[in-house]
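Single-letter residue listing:
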Amino acid sequence: MAGSGGQKENNLETPLLQNDHTTKEVNFRVKGMKCASCAGSIESVVSKIEGVESVSVSPLQGRAVVRYRPDLTNVDTIKESITGLKYGVDIDSSSQEIATCRLRIKGMACTSCSESVENAVRLVQGVKKATVGLALEEAKIHFDPSQTNPTCLIEAIEDAGFGADLISSGLDINKIYLILGGITNSLEEYTFIESVLEGIEGVSTVEVDPTCQRVTVCYDPDITGPRSVIQCLQEASKQGTISFDVKLDTPSKRGEVERYAETRSYRNQFLLSCLFSIPVFIFSMVLPMAGSSGEWLEIKVKNNLTVGMILRWGLCTPVQFIIGWRFYVGSYHALRRGSSNMDVLVALGTNAAYFYSVYIALKTAMSPNFEGEDFFETSAMLISFILLGKYLESAAKGKTSDALSKLTELAPETVFLLNLDSDGNVVSEAEISTQLLQRNDVIKIVPGAKVPVDGVVLKGQSHVNESMLTGESRPIAKRPGDKVIGGTVNENGCIFVKATHVGSETALSQIVQLVEAAQLSRAPVQKLADRISRFFVPTVGVAAFLTFLGWFIAGVIHLYPKHWIPKGMDEFELALQFSISVLVVACPCALGLATPTAVMVATGKGASQGVLIKGGHALEKAHKVKAIIFDKTGTLTVGKPSVVQTKIFSKITLLEMCDFAAAAEANSEHPLSRAIVDYAKALHQQYGLSNNDFSTLETKDFEVHTGAGVSTKIGTRSVLVGNKKLMHLFHIPIQHEIEEFVSDAEQLARTCVLVAIDGKICGAFAISDPLKPEAGLVVSFLKEMGILSIMVTGDNWATARAIAREVGIEMVFAEIDPAGKAAKIKELQKKGMSVAMVGDGINDSPALAAADVGLAIGAGTDVAIEAADIVLMRSNLGDVITAIDLSRKTLDRIRLNYVWALGYNILGVPVAAGVLFPFTGVRLPPWLAGACMAASSVSVVCSSLLLQMYKKPFHVEEAAVVPETSDEGQSPV
């Protein structure tokens, strides 16, 4: 298959017209070069390859950089040309372009199927990583676009016996698809359309596919967008000699449509099978017990062949071979790839019952003395019950992604686009599709309407309900300059919003993508099911065969009494019934669904509660957490520090000191720096001066001293702004008066920032960052959960202890830099503790990555959020408890699912094999065994669905409504 994948790469069908002169660059590590002549020979050979535009070879670094056109050549061809010169060649993976795509997989029934899909995809040349989700019925594949593409991947999956459709590709970013209408498919028309699109500023590539009458356009979103492209084509159609229609090809909700179609297909197949299997059941089990009303079934047609047997045979056959054809197809593909699945078990069981019954029917027709009992009802009813189970399972699995479906439906379909003049007055207004919005568009959001994209309020005031995204129940006030998030609801005022993020860039789209990726990821606990699935079906097959041999041999040599054999059966038929029951009662599906369905429901539920969990791995690790490390600023505190006190220690004025300090801190993004800058601005306002006077001061030699402060030169004067550590670093003496001021401030949980000019401390700022109202309750509740709370901060010891004392944290580590935070986590991990880290800033990202579970405050930096395993969208510490509690509830549910799935098989197989029959006379007929198998997988999915009833712990809700504390001393002067 790898060979076929590579072969197809060179023979890809391309559109009739294509304007794709883009180039790609690949770096090779070349071994064996000794001098410049070696480099020259490589350059000479590679440059002759058609499509290679430039070659640069460095013998000292042992590297070759080649720029080429992917439509004319590929990486393999270039690599082979260098290998032909007897040099060792490897592709530099750090420079290699990796694309991703998501595929919808059809026909998977159990974990064995998902593993088969993964193996088939991984054999394709160029595939780097493949993850297949059984419950989600999707695959996410990372591949080298120069070696393969989504079409080859789909073909590989189809060769393995499964269906596949492309959902999305990483190559689709900033790409639109247009559908053409009213054209005659002439070359002139397509050339005209292509030339128009090439002339649009911001359009990089154009591909025209005449067979589908579709145009693919890649563009720069900072310059143009879908609406501009469509408008240009419409204008060209009106003004030119060629007339045509154009519209945006919007991706429909194919996943939901296909899942609904699959559920409906199972339902229809089940109902169709009932048309045959119910009469079979009546003819075989009801009428024979109804006395004279069923005597006509015993009328003999030929020898001992009865009317009832012929009717059962005729009704069972379409169920076995037409309705049950799907099981034959599934078995064929499974056996062809050297594996086995549930289809194999069903096909074996139903075929054994059907063909044995056919044998009985033929023998009774040919022999006047032979009488036998057929099992046609076993085959028909078994298939019907399995289809019923599949229908119920499919319907239940659709419910597991309800939370995600609700998220995708939050954005409105249309929006009011405004055209403003230079003074900001509305010139015109038009209602357009949300998918046609572009960056910097101005839109109107009326009361009660949903915000379509992320943006900034330009005009108007309102309250926006963000509960559907963040879980925050109180509407948030929005004024000009405030940000709004797509998918939220405008409550009571009309606002004008400037779009800043559209399409896949919006927060809503990214949340959906994150949740989808989380649902696709495989939790470590899933490995148990994966290991079992590898030998499950063969083991069941062997068990069924041994069951048959055991009962048959025991019957032949009379190890059990004759009256154990039901009326109308013999030893062979009884043994066959037991073996068929063993085949069909075992259910690998329940094991395969135990983990992914629970993870799907939990991640979706978490997203609706404002907790984004990045996959099953994070979900599983969170339940083991025994210690949580909190950052101070922005995590335990509000993250908006303000200057509450100032002190002058020299003859310099307060205004001068603030100007020097603000000028030095203006280049820093630290929250304390912003507090000083804001204080300086407020002071200037009080004195009626310009807010930005301090920014005119020329600074040079600016340097950040991590965990200490900043140093710079302003004019001819040397300025230091930071803590005592910075002063000691520059050997600046700290007088007793200064020490007392610093000590008093720190006892009040304030951070003291010293300002030194020309080697002498001239003043200080006392900065306070109020605690979050819920911090104390969260720490208390974590203690009840058996979790140790620890605070690690770069702030001084006195302030850290004061904050910790206020919230109830007993273990504190202060004056620690970002690397030290990560080291402290590793130190705790060496003691055997599972550690979680809660932080919000760039300086927290090393610690978030080092922790077993990283939890990022949603209002924090992108770097921190990227490094975290769990994102708290509300920035409410109560959601830390929600994340851990949801993790524990989910793992409990997964364990319960495994207990049910494994327990069912462990108990069901022996009962089906007849262990209880000698003692109780209880026997599990094959059709009833099939019903039990169907019920097991449905019950596991329904068990996972119970997670949708999850509610946050009471204490978390209580913490969320604690009134905010007032912050004294907020006056700017």
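Reading the values: the criteria
- Residues numbered from 1 in each chain as written.
- Predicted model: local features only at pLDDT ≥ 70, side-chain atom pairs only at ≥ 80, totals over all residues.
- Heavy atoms only, no water.
- Helix = DSSP H or I, 4+ residues; strand = E, 2+ residues; numbered from the N terminus.
- Expected span 1.5 Å × (residues − 1).
- Buried < 20%, exposed > 50% of the residue type's maximum accessible area, 1.4 Å probe, protein only.
- Contact = heavy atoms within 4.5 Å.
- Salt bridge = Lys/Arg side-chain N within 4 Å of Asp/Glu carboxyl O.
- Pairing = 2+ DSSP bridges.
- Axes fitted to C-alpha atoms, helices over the stretch in contact; angles between N-to-C directions.
- Phe/Tyr/Trp six-rings, centres within 6.5 Å; stacked < 30°, edge-to-face > 60°.
- Lys NZ or Arg CZ within 6 Å of the ring centre and 35° of its normal.

J.: Got a sec to walk through helix α4 (residues 111–122)? Specific residues and values, please.
T.: Over its twelve residues, α4 extends 17 Å from the first C-alpha to the last, a length consistent with the 16 Å expected when each residue adds 1.5 Å. The buried count for α4 comes to ten of twelve residues, which makes it a mostly enclosed element. Among the residues making up α4, those that are buried are Thr111, Ser112, Cys113, Ser114, Glu115, Ser116, Val117, Glu118, Ala120 and Val121. Buried residues belonging to α4 abut β6 (99–106), β7 (127–133), β8 (138–143), α5 (150–159), α16 (526–556) and α18 (588–608).

J.: So, the pattern of salt bridges: which residues are in play, and what are the values?
T.: Counted by the stated rule, this structure contains 16 salt bridges. When the shortest N-O distance is used, the salt bridge between Arg122 and Glu118 registers 3.2 Å. Taken as a pair, Arg122 and Glu118 lie in helix α4 at a separation of four residues, close to a single helical turn. By relative accessible area, which is 45% here, Arg122 ends up partly exposed. In this structure, the salt-bridge partner of Lys821 is Asp631, at a minimum N-O distance of 3.0 Å. One end of the pair, Lys821, is in helix α27 (residues 818–830); the other, Asp631, is in the loop between β26 (627–630) and α20 (632–636), and 190 residues separate them in sequence. Classification of Lys821 by relative accessible area gives buried; the value is 3%.

J.: Describe the sheet that holds β6, listing the residues and the values that go with them.
T.: Hydrogen bonds along the backbone pair up the strands of a sheet, which may run parallel or antiparallel. Taken in spatial order, the four strands line up as β7-β8-β6-β9 in an open sheet, and their pairing is antiparallel. Because the sheet does not close on itself, it has two edges, and the strands there are β7 and β9 (163–169). Each neighbouring strand pair of the sheet contributes to a mean axis angle of 25°, computed without reference to strand direction. As paired elements, β6 and β9 share six bridges and run antiparallel to each other. Each residue of the ladder has a partner; that of Lys106, found in β9, is Gly163. Here α4 sits on the sheet and contacts β6, β7 and β8; the angle it forms with β7, its principal contact strand, is near 165°.

J.: Report on the side chain of Thr793, specifying residues and quantitative values.
T.: Here Thr793 shows up in the loop between β33 (788–792) and α26 (797–807). Using a relative accessible area of 3% as the deciding quantity, one classes Thr793 as buried.

J.: Now, about the packing of aromatic side chains: what can you tell me, with residues and values included?
T.: In this description, a pair of aromatic rings is defined by centroid distance and the angle of the planes. Tallying each qualifying case throughout the model produces 21 aromatic pairs. Between Trp313 and Phe376 the ring centres are 6.1 Å apart and the planes differ by 10°, which places this aromatic pair in the stacked class. Here the residue Trp313 occupies a position in helix α9 (residues 307–323), and Phe376 occupies one in helix α12 (residues 376–400), the gap between them amounting to 63 residues. Ring geometry for Tyr560 and Trp564: centres 5.6 Å apart, planes at 10°, overall stacked. Look at Tyr560 and you get buried, because its relative accessible area is 8%. Cluster of aromatic residues (ring-pair linked, three or more members): Trp313, Phe321, Trp325, Tyr328, Tyr354, Phe355 and Phe376. A cation over an aromatic ring shows up here: Lys444 above the ring of Phe416, its NZ or CZ 5.5 Å from the ring centre.

J.: A description of the pairing of β8 should follow, citing residues and the corresponding values.
T.: Inspection of the sheet shows β6 paired to β8 by six bridges, in the antiparallel sense. Looking at the pairing, Thr100 lines up with His142 of β8. Bridge analysis of β7 against β8 gives six bridges, and the strand direction is antiparallel. Residue pairing across strands places Gly133 opposite Glu138, the latter belonging to β8. Linking two consecutive strands that pair antiparallel, namely β7 and β8, is a turn of four residues; a positive phi of about 60° is found at Glu137 within it.

J.: I'd love a proper account of the environment of Arg29, names of residues and values included.
T.: By the secondary structure assignment, Arg29 is in strand β2 (residues 24–31). Take Arg29: its relative accessible area is 38%, and that puts it in the partly exposed class. Between the alpha carbons of Arg29 and Val89 there is a distance of 5.7 Å; along the sequence they are 60 residues apart.

J.: Describe the environment of Gly481, listing the residues and the values that go with them.
T.: Note that Gly481 resides in the loop between β21 (476–478) and β22 (483–484). Accessibility expressed as a relative area gives 52% for Gly481, which makes it exposed. Ignoring any residue separated from it by four or fewer positions in sequence, one finds Gly481 in contact with Val456 and Val457.

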